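Descriptive structure summary
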Amino acid sequence: MSNNLRFKTSKFIDETYRVSFKFNNKTYFGFKGDTLASALLANGIHLVGRSFKYHRPRGIMTSGSEEPNAIIQLHDNSSRTEPNVRATEVEIYEGLVASSQNCWPSVNFDIGGINNLLSPILPAGFYYKTFMWPASFWEKYEYFIRKSAGLGKSPKVADPDIYEHKYIHCDVLVIGAGISGIMAAKMAAKNGFKTLLVDEKSYLGGSSIYDNSEFSKINNQITSSWLEKEINEISKLENLEIKIRTSVAAYHGYNFLLARENLTDHLPINQRENKVRQRLLKIRAKKVITATGSIERPLIFDNNDRPGIMLSSAIKKYIDLYGVACGENNILFTNNDTVYETAMSLIQRGIKINAIIDNREQIDSKISYEVEKNNIKIYKGYSVVDTYGYRRINKISIMKLSKDGQTVIGDKTKLNCDCLGVSGGWTPAVHLFTQSGGKLKFRDEDQIFIPNVYPSDQISIGSCNGEFGLDEIIKNTLSSIKKFLNIDNSEYKNIETVSGLNLLKRNIWLLPSDKPVGKTKSFVDYQNDATAKDIKLALREGFRSIEHVKRYTTTGMGTDQGKLGNMHALGIISETAGTKMGEHGTTTFRPPYTPLTFGTIVGRNVGEFFDIFRRTPIHDWHVANNAEFENVGQWKRAWYYPKDNENMHQAVQRESKAARDSAGILDASTLGKIDIQGTDASEFLNRVYTNAWSKLAVGKCRYGLMLNEDGMVYDDGVTTRLGENHYIMTTTTGGAANVLGKLEDYLQTEWPELDVYLSSVTDHYATISVCGPNSKKIVSKVIPDLDLSDEKFPHMSFKNAKINNIKCRVMRISFTGEHSYEINIQANFGKSVWEKCMEAGKDFNITPYGTETMHLLRAEKGFIIVGQDTDATLTPIDLQMDWIVSKKKYDFIGKRSLYRSDTIREDRKQLVGLLTENPEEVLEEGAQIVADIKKSPIEMLGHVTSSYYSPNLKKSIALGVVKGGKNMLGQKLIIPMENKNINVTVADPVFLDKEGERLNAKL
Amino acid sequence: MFLINCPFCGEREQSEFKAGGEAHIVRPKQPTELSDDEWAEYLFMRKNIKGVQFERWNHVHGCRKWFNMVRDTSNDQIKAVYKMGEKPPVK
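What counts, and where the lines are drawn
- Residues numbered from 1 in each chain as written.
- Chains lettered and ligands numbered in written order.
- Predicted model: local features only at pLDDT ≥ 70, side-chain atom pairs only at ≥ 80, totals over all residues.
- Helix = DSSP H or I, 4+ residues; strand = E, 2+ residues; numbered from the N terminus.
- Buried ≥ 20, exposed ≤ 12 C-beta atoms within 10 Å, placed from the backbone.
- Domains from an automatic or database assignment.
- Contact = placed C-beta atoms within 7 Å.
- Nonpolar A, V, L, I, M, F, W, Y, C, P; charged D, E, K, R; others polar.
- Arc of directions from axis to C-beta.
- Pairing = 2+ DSSP bridges.
- Axes fitted to C-alpha atoms, helices over the stretch in contact; angles between N-to-C directions.

Looking at the overall build of chain B
Assigned secondary structure in chain B consists of one helix and six strands. Of the regular secondary structure in chain B, the N- to C-terminal order runs β-β-β-α-β-β-β. The dimensions of chain B, computed from C-alpha atoms along their principal axes, are 45 × 30 × 25 Å. In chain B, which comprises 91 residues, the share counted as buried stands at 13%.

Set out below in structure tokens:
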């Protein structure tokens, strides 16, 4: 294509800086300042993509974030590849690579284009209707539907770029740096408000910054010159922060907004190294001024989607801002005055306008007269009825509109063109306003929705508030901002404006055709290929709600969220249904306004920062000694310590045997620890645990079970009385934070009269548990001064001690059923004491064991793990732990619930032991338990909660919950698995040493 | 996201807080005297009003204090915050 498409008149383009880029594997050139769209247009390229459903050729339609067609794949085949990027927003840089989406083998010849010929049998709801039956075929259909669904390709490897989040607090946030946004920001900043001004584009000034028309002037200066001086002035204001390339994505309640700041996307790849690519701004503003402007509406007529058909305002922007002519033989088509501004921009540069088609019979504005003076033929009262040209428009046909605008009459005239600019008027960009909870009202005169009720301290100004004339915009902006900010000094004195536009338009949502509706393709949603015919079909089939019509026809459901066509869809619905426009409301505008990358959303929370994890003070030792880790809550806990290529089973068997035969050592630092002090501490424990605490002597430990008020087991652990009014409570690892929260809740809200203070000390202590028949010998070597005799230091008691002069607490408590000690020491000494224990236990084969062995050992003893054997549906009675529920205490949390009609049922699920017929067979945790497999449907009695092979008992053991299990001792049950049934017998949940001989053995 | 005026700390982001359900439900002093129905009323029955609702909130990532809030659930406007044990300042 010829080179005379570039008019070197724009100061926004740096012609000394040539940029090469690749599109669909071909190299092109543009200039610094170009977008991908403007550079392609300068190279004569309109066809950039294929539509979603019919694979129709599509061209660049707009010049901004509302673009439905020109969505491309950026950075093909690289780790940075990104689908659905709007070519109209991509600033070109040296080495840019992009390609078309949704076409194969190429955008010029796309096999999927056959769908266009099949379109008569692909109406709205085609997939819903066709693939309903036979139901069994769905799996076959699904493969093909999935293959054809979606646009673009997602990256296959991790994103190499850096993203981050930032909080911003400001007095005033101004969204949009068009003429009203600039004025608002200046007034706010100059009056002492800390102000932030953001705009999604790479430059300030909106569409006025390239408005060089003699027909719009401010204080006798051309609008763009006046505005340039304003921008120059505000950029020096200290109170004002300006962020370009920053798009507000979401506007939430209480003036909380999310915005995406683009920092490196416009730079050549080699200049992006180690820089943050995008930043998510979390903005809390005291006041928000929305000046988001408006979006030009297309017109809905037959074949209105061909490459070369563009918004008239986009044609103006391409020539005025980028110096690019979109066509060499243009036709403009309108129902309002704005195309005459586009016409003047083209006329000034000598670009040919073949004709202007205007829906209106009468046009009365200075600018239209000026256009006519230039010998441009204006067809008044005419409409485009069809367009021609497959990969680029080459012709249109026009007919006269009837008086009521419902039909076309007279002869058809054909006109040649290579570019058709359309304008259906303007739609205020109220997306952010409605996201914030604002209510709209419909203005009949120009058929638009405008802000009505503001839910927070905010205001909309300029064309997003339905003000379109320059004088109106300036006048209203001044008065609204003065009132909104409560200021006298407006900074603007005696502003005079001149505008050549007449704001009257002739609104026809669906333009008539000489063909019946069923034979036309008038696109309402370009990206999703929803036509006027589809919307009418949806109404015929009984859909009435706009939200239903949207989903049935997919109108407005593309990546552009229907920024162009949603209003027409509403218009066509109300015209067809014979209702008043505005009655249907609008569909919901949901965040984000434009798509966000996942990188922006997650920020720095990637890799090991995705979710923070906690390490015990002994963590490094575990790592050095080959431990495998398991996540418990946020903790990394040593799981098992494989030796010499052991698998998990082998390691656990070895660890479990060693712990019972000689000595084991466990890092229990993750257990929650809560320090409880105060004169009512004992009373408090009485109320929160099921058992009695008043009589626990100082220096003694007791196991406690905590319930929810509904009677279900919530947490458990050992609490030690350190002093008269001082206890230390241990909780489960995962439950620590919740237990503290629950205790604080009761103290603050139900029992504020109790004198009790709680502090979490989980991280303050390292906890080392040494167990097994040789534990006593080992601990006596580590703490020689401590008398470990059973008389002085019996089971369930505690002693203060010192290791190398460092104070520590030693508890003789056991979770394994073995004689064992728990050493609690200041966290930073944890690792050295652990190493000391290892050294002292060397001669006794002291074996470090992880959580898996801990679980096995406690299961041998039938000790529960809250959260594994319980699931918030089990009472202590269900767990066969009646012994821990005090009958004497008047009240404790959950007591009353233990004798509700539901909790006293005999057939509740109850915890039992399970032994397999074949002692080598280990059950699967979670497996269902049944009694009768012949009955249909099979009655599910319960499930397996814990299951292990016990090396100490040399057989498989399991715990499970079974309906009425308490009374089923010795009964045979069945575990049905995928390819076999396993026979089990209900047993006592305590499998090993029920009498406690090991625990009490004289060592 | 709300901006919540903690009665102890002042205005803070909602992310610092935890919601704790309906306010002004007092735990019965003598649960054992209650029938199953009366206990169930305390245990399970909660209102879910479209409009003005009294709620418990906890400044969990701040001072950890519980307090009450009056919120219009239809538009998320917070009408008042007040300390535990205090009477609601609005109806």
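The discussion continues.
As for the domain arrangement of chain A
The extent of an interface is frequently quoted as the accessible surface area lost upon association of the parts. Residue and element names in this part refer to chain A. You can read the domains of chain A as domain 1 (1-153), domain 2 (164-294 + 428-499), domain 3 (309-421), domain 4 (508-593), domain 5 (667-857) and domain 6 (862-999). Facing the 20 residues of domain 1 at the interface are 16 residues of domain 3. No other element matches the three residues that helix 1 (residues 36-42) contributes to the side of domain 1 that touches domain 3. Its residues assigned to classes, the side of domain 1 that touches domain 3 comprises 10 nonpolar, seven polar and three charged.

Remarks on helix 20 (residues 775-782) of chain A
Residue and element names in this part refer to chain A. Taken as a whole, helix 20 has its buried residues at Ser 775, Lys 776, Ile 778, Val 779 and Val 782. Looking straight down helix 20, one finds its buried side chains confined to an arc of 160 degrees; they lie on one side. Where helix 20 is buried, its residues contact strand 40 (765-771), strand 41 (797-803), strand 43 (820-826) and helix 21 (830-840).

Observations regarding the sheet that holds strand 35 (residues 672-677) of chain A
All names here are of chain A. As summarised here, the arrangement of the five strands in space is 36-37-38-35-39, forming an open sheet in which the pairing is antiparallel. Pairing within the sheet leaves two strands with one partner each, and these edge strands are strand 36 (701-707) and strand 39 (757-760). Across the sheet, the mean angle from the axis of one strand to that of its neighbour is 25 degrees, orientation sign disregarded. For strand 35 and strand 38 (residues 726-731), the ladder comprises six bridges, and the chain directions are antiparallel. Along strand 38, the bridge assignment pairs Ile 674 with Met 729. The strands touched by helix 19 (residues 736-750) within the sheet are strand 35, strand 36, strand 37 (713-723), strand 38 and strand 39, with strand 39 carrying the most contacts at an inclination of about 165 degrees.

A closer look at the interface of chain A and chain B
Contacts between the two partners involve 22 residues from chain A, matched on the other side by 18 residues from chain B. No other element matches the six residues that helix 19 of chain A contributes to the side of chain A that touches chain B. The class makeup of the residues in the side of chain A that touches chain B is five nonpolar, eight polar and nine charged.

Side note on unusual backbone geometry
Residues and elements named next belong to chain A. Note that the residue after Pro 591, namely Pro 592, is joined by a cis bond; omega there is -5 degrees. Counting through the fold element by element, Pro 592 comes out in the loop between helix 14 (566-577) and helix 15 (598-602). Phi angles above zero are rare outside glycine, and Asn 645 is one such case at about 60 degrees. Locating Asn 645 in the fold gives a position in the loop between strand 33 (635-640) and helix 17 (648-661). Non-glycine residue Gln 880 carries a positive phi angle of around 60 degrees. Within the secondary structure, Gln 880 is located in the loop between helix 22 (851-860) and strand 45 (909-916). The class for Gln 880 is partly exposed, based on 18 C-beta atoms found within 10 Å.

So, the sheet that holds strand 23 (residues 408-416) of chain A
Residues and elements named next belong to chain A. If you walk across this open sheet you meet the three strands as 21-22-23, and the pairing is antiparallel. Sheet topology places strand 21 (382-388) and strand 23 at the edges, where each strand pairs with a single neighbour. Averaged over all pairs of adjacent strands, the angle between strand axes in this sheet comes to 25 degrees, irrespective of strand direction. Direction of pairing for strand 22 (residues 395-401) relative to strand 23: antiparallel, over a ladder of six bridges. Bridging from a neighbouring strand, Ile 396 pairs with Leu 415 of strand 23.

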